[in-house]
Amino acid sequence: MNQQYKAPWSIQQAIELYGIERWGNDYFGVSDDGNLTVKTLHTSVPLMDIIKGMEERDHQMPVLLRIENILDAQIKRLNDAFANAIESAAYQASYRGVYPIKVNQQAQVVEEIAYFGARYNHGFEVGSKAEMIAALSTLEAPGSLLICNGYKDEEFIELGLQSIQLGLQCYFVIETPTELPIILERSKALGIEPLIGVRVKMTTENSGHWNTTSGDRSVFGLTTTQLINVVDDLKQKNMLHCLKLLHCHLGSQIPKIQEIRSGVVEACRFYVDLVNEGAELTHIDLGGGLAVDYSGENSSEEQSRNYSLEEYCIDIVETIKDTLDEYKIKHPTIVTESGRATVAYSSILLFNILDITTFEPSQLSPSETAQDHPSLKNMREVLNYLTPNKLQECFNDAHYYRDEIRELFKHGQLDLRSRSEGENLFLEILQKIYAQLQTLDRIPSGLEDLKDSLADIYYGNFSLFQSLPDIWAIDQLFPIMPIHRLNEEPTRQGVLADITCDCEGKIDHFIAEFDTNKTLALHPLKDNEEYYLGVFLVGAYQETLGDLHNLFGDTNIVSVRLNSDKTYDFVKEIHGDTIADVLSYVEYEPKEMELKYRNIAERAVKEGRITALQRQKIMKTFNASMQGYTYYEKEN
Ligand SMILES: *Cc1c(COP(=O)(O)O)cnc(C)c1O
């Protein structure tokens, strides 16, 4: 930005800079006093108010905050969008959503989805017995769908058959031919007719991160030969009428609407021919894939999507209608298994900044002395000829002399104090070059990265491995921003490091209006005031993939419901892991550890190194720590 014409910082600039309206799905805003707010239809509440309430209740940072209203609203939007598309296309059947439990299995999330989804008969998709049990004990609305994927043994199948007796519509989706005989045998033994689905391997490939879930090499689904065998088998046993559902899952986070549409066309072709084979199909299940626009670019890039929810629904409904009408086949119930899009928006990871490293010279370098090493003198010289037309040359020279100074130090020809002075001069030169760059119209290509290499490091009180594993594993982007002080210009550029002190535990890719940035605009810290950041759209896939890197455990979790009078209620509070908890996960016995430590302390008493009273204090510290939070705790 050109320094001369700088207007005062406005909240609108903050909204633009952090892209709140591009990724926020209308759930976030900024108040006049610069606070990020959570918005829902009837209310808005500043996140800082919620943080204050949490701290008063001793929920220390980091906290995973869940906003019930957003989950509720997302389920409503999905069901309403399909209902609208169905109405406007005069489609002759309805929509039924199911939530795939694997996307976030936390009891509270699954319970809320069952609760908010009941009015739409929103069901569940499960892929294991454990998920099945979770679904069975949560799903109360009779008539809801329960879609069973994954490998199913006898017990899994019995659970499903019995749920039909309880009023659920439980479909066994056959993923491999070996499942069919077990399903038929169990249903005969229990006298309950099964509802059967078939999962087909799709050849439509998509360009997202998760594209291996579709295509020939997909590990899921039946090949066309296997599909024909299943049909023949059912026919021969007079059970073809049980085949009701066609299942296909194109993949997750599909960025392009064109790929979704061509997948639906392929699914319809399977549907038509299965009906022609005599199957009395009633449901077409298109799996997941509805993307979240993490980067806010509204593009066909991996971390974005080039379509809206409305477009997604209309395209699916119209494609199915047009294809099946051609063959005069009755419209099926449309099922989708949206996980990511359902839960991503409702969770926010909040943390405070513990410290900052800057790459500024510590003080103006001491002036030249007669004893200065010639290399140091040369370095100082650079400052004298630093002008806008010589920036690249000065940059090169500064690096040359700095390397020379480091070499000399290594060989004992220059002392520590001189080296420190040299490094400091080096930073002074780079900062001056950077300042001059701002006045140029075009940045010389050799200096394009200078901004990134001078970026501050902000140390955040969180573990990437525990709370944001996809950043580490697959370079996932999430919107990240300060949640207050948005009425002040963020004058610093920084990257984020987590508390694990692992070199992988850093974030140096951030969403931007176009492409990505390597740094994030942040505010300098103020004395005696915490600085809080939020990582947004983290409700899907992050919670159970996390690991115990450096034994940082689960964070505190707080779930709030916003009220229309701008107040909020804490509906659920879960304390994160204690140190004793995480130690027991890796098979330590906290009780035994205490015993051992006490023995060590007692020996010190015997040997006269400490008094018995000191032992008492030492044990108190140890035990309090065992019961404490694994993250950096503020004393209050
Ligand atoms: C993972 C998965 C989903 C969820 O996909 P999203 O893209 O998160 O909506 C749905 N169905 C199946 C079979 C899956 O494996």
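Scoring rules and cut-offs
- Residues numbered from 1 in each chain as written.
- Predicted model: local features only at pLDDT ≥ 70, side-chain atom pairs only at ≥ 80, totals over all residues.
- Heavy atoms only, no water.
- Helix = DSSP H or I, 4+ residues; strand = E, 2+ residues; numbered from the N terminus.
- Buried < 20%, exposed > 50% of the residue type's maximum accessible area, 1.4 Å probe, protein only.
- Areas by Shrake-Rupley, 256 points an atom, 1.4 Å probe, with all protein chains shown as cover.
- Lys, Arg positive; Asp, Glu negative; His and termini not counted.
- Charge placed at Lys NZ, Arg CZ, Asp CG, Glu CD.
- Pairing = 2+ DSSP bridges.
- Axes fitted to C-alpha atoms, helices over the stretch in contact; angles between N-to-C directions.
- Domains from an automatic or database assignment.
- Near = heavy atom within 4 Å.
- Polar contact = N/O pair within 3.5 Å; in protein donor to acceptor, adjacent residues only side chain to side chain.
- Nonpolar A, V, L, I, M, F, W, Y, C, P; charged D, E, K, R; others polar.
- Contact = heavy atoms within 4.5 Å.
- Phe/Tyr/Trp six-rings, centres within 6.5 Å; stacked < 30°, edge-to-face > 60°.
- Lys NZ or Arg CZ within 6 Å of the ring centre and 35° of its normal.
- Salt bridge = Lys/Arg side-chain N within 4 Å of Asp/Glu carboxyl O.
- Core = buried A, V, L, I, M, F, W, Y, C linked by side-chain atoms within 4.5 Å.
- Patch = residues over 30% accessible without salt bridge, like charges linked within 9 Å, V, L, I, M, F, W, Y side chains within 5 Å.
- Arc of directions from axis to C-beta.
- Disulfide = S-S within 2.5 Å.

Draft legend 1. Seen up close, the overall build of the protein chain. Across its full length, the protein chain carries 21 helices and 23 strands. Here the protein chain holds 636 residues, and 53% of them are scored as buried. Here the protein chain has roughly 29600 Å² of accessible surface; of this, 49% comes from carbon and sulfur atoms. For the protein chain, the separation between the mean place of its 58 positive charges and that of its 96 negative charges on side chains is 3 Å.

Draft legend 2. Spotlight on the sheet that holds strand β2 (residues 36–40). Overall, antiparallel pairing links the three strands, which are arranged β1-β2-β3 in an open sheet. Each edge of the open sheet is held by one strand with a lone partner, namely β1 (28–30) and β3 (43–46). Looking at each pair of strands side by side, their axes are set apart by 35° on average, direction ignored. Bridge analysis of β1 against β2 gives three bridges, and the strand direction is antiparallel. Bridging from a neighbouring strand, V30 pairs with L36 of β2.

Draft legend 3. How the structure looks around the domain arrangement of the protein chain. Structurally, the protein chain comprises domain 1 (91–338), domain 2 (374–451) and domain 3 (580–626). Averaged C-alpha coordinates put domain 2 and domain 3 at centres separated by 52 Å.

Draft legend 4. Seen up close, the pairing of strand β13 (residues 347–357). When you tally the buried positions in β13, you get eight out of 11 residues, the bulk of the element. Pairing of strand β4 (residues 63–67) with β13, which is carried by four bridges, proceeds in the antiparallel orientation. Its bridge partner being in β13, V63 is matched across the sheet by L350. Sheet topology note: the β13/strand β21 (residues 532–535) ladder contains four bridges and is antiparallel. Residue pairing in the sheet places N352 in a bridge with Y532 of β21. Where β13 meets strand β14 (residues 456–460), four bridges bridge the pair, whose relative direction is antiparallel. Bridging from a neighbouring strand, D355 pairs with Y459 of β14.

Draft legend 5. Expanded view of the site of the ligand. Around the ligand sit 16 residues in total, of which K102, S252, E337, G339 and Y541 are the nearest. S252 has a polar side-chain atom sitting 2.5 Å from an oxygen atom of the ligand. At 3.0 Å, a backbone N or O of G289 approaches an oxygen atom of the ligand. Against a free-state accessible area of 390 Å², the protein chains account for coverage of 93% of the ligand. Counted by class, the shell around the ligand contains three nonpolar, eight polar and five charged residues.

Draft legend 6. Up close: the side chain of D470. Note that D470 resides in helix α18 (residues 469–474). Those residues within four positions of D470 in sequence are excluded, and the remaining contacts are D475, Q476, Y541, Q542 and L545.

Draft legend 7. Region of interest: the packing of aromatic side chains. Applying the stated rule across the entire model yields 18 aromatic pairs. With centroids separated by 6.3 Å and ring planes inclined at 70°, the aromatic side chains of Y99 and F124 adopt a geometry described as edge-to-face. Taken as a pair, Y99 in strand β5 (residues 95–100) and F124 in strand β6 (residues 123–126) lie far apart in primary sequence, 25 residues in all. The pair formed by Y99 and F124 is uniform in burial state, with each residue classed as buried. Each ring, one from Y115 and one from F116, has its centre 5.4 Å from the other, and the planes form 65°; the classification is edge-to-face. The lysine or arginine in question, R402, covers the ring of F426, its NZ or CZ lying 4.4 Å from the ring centre.

Draft legend 8. Expanded view of the pattern of salt bridges. Tallying each qualifying case throughout the model produces 35 salt bridges. Between R492 and E360 there is a salt bridge, with the nearest N and O atoms lying 3.1 Å from each other. With R492 in strand β16 (residues 492–497) and E360 in the loop between β13 and α13 (374–384), this pair connects stretches of sequence that are 132 residues apart. With relative accessibility at 22%, the residue R492 sits in the partly exposed group. According to the relative accessible area criterion, E360 is partly exposed, its value standing at 34%. Here E423 and R419 are joined by a salt bridge, their closest N and O atoms 3.0 Å apart. Taken together, the residues E423 and R419, both in helix α15 (residues 416–437) and four residues apart, mark about one turn of the helix. Overall, the relative accessible area of 25% leaves R419 in the partly exposed class.

Draft legend 9. Structural context of the nonpolar core. The biggest cluster of nonpolar side chains holds 147 residues, and the ones touching the most others in it are F124, I320, I334, L468 and F536. By residue number, the principal contributor to this core is helix α10 (residues 257–276), which donates nine residues. Counting 22 residues, the second largest nonpolar core, distinct from the first, contains F395, I433, L437 and L454.

Draft legend 10. Representation of a nonpolar patch on the surface in the model. Together, Y585, V586 and Y588 line one region of the surface with nonpolar side chains, adding up to about 300 Å² of accessible area. Within the secondary structure, V586 sits in the loop between α19 (579–585) and α20 (590–606).

Draft legend 11. Representation of the sheet that holds strand β8 (residues 169–174). Read around the barrel, eight strands follow the order β5-β6-β7-β8-β9-β10-β11-β12 and close on themselves; strand pairing throughout is parallel. When strand polarity is set aside, the average angle formed by the axes of neighbouring strands in this sheet is 25°. Judged from the four bridges that link them, strand β9 (residues 195–199) and strand β10 (residues 243–247) form a sheet pairing that is parallel. By the bridge assignment for β10, G197 is matched with L245. The strands touched by helix α9 (residues 224–236) within the sheet are β8, β9 and β10, with β9 carrying the most contacts at an inclination of about 160°.

Draft legend 12. A look at helix α1 (residues 11–18). Of all the residues in α1, the buried ones are A14, I15 and Y18. Seen from one end, α1 has its buried residues packed into an arc of 100°, which puts them on one side. At its buried positions, α1 is contacted by α2 (20–23), β1, β15 (480–482), β18 (510–511) and β20 (520–522). Looking at the residues trailing α1, positive phi occurs at G19, about 70°.

Draft legend 13. Here's a closer look at the state of the cysteines. One pass over the full model with this rule turns up zero disulfides. Looking at the unpaired C242, the closest cysteine sulfur is the one in C170, lying at 13 Å.

Draft legend 14. Quick peek at unusual backbone geometry. Look at the link from M61 to P62: it is a cis peptide, with omega at -5°. Structurally, P62 is set in the loop between α3 (47–56) and β4. Although it is not a glycine, C501 sits at a positive phi angle of roughly 60°. Following the sequence through the fold, C501 ends up in the loop between β16 and β17 (506–507).

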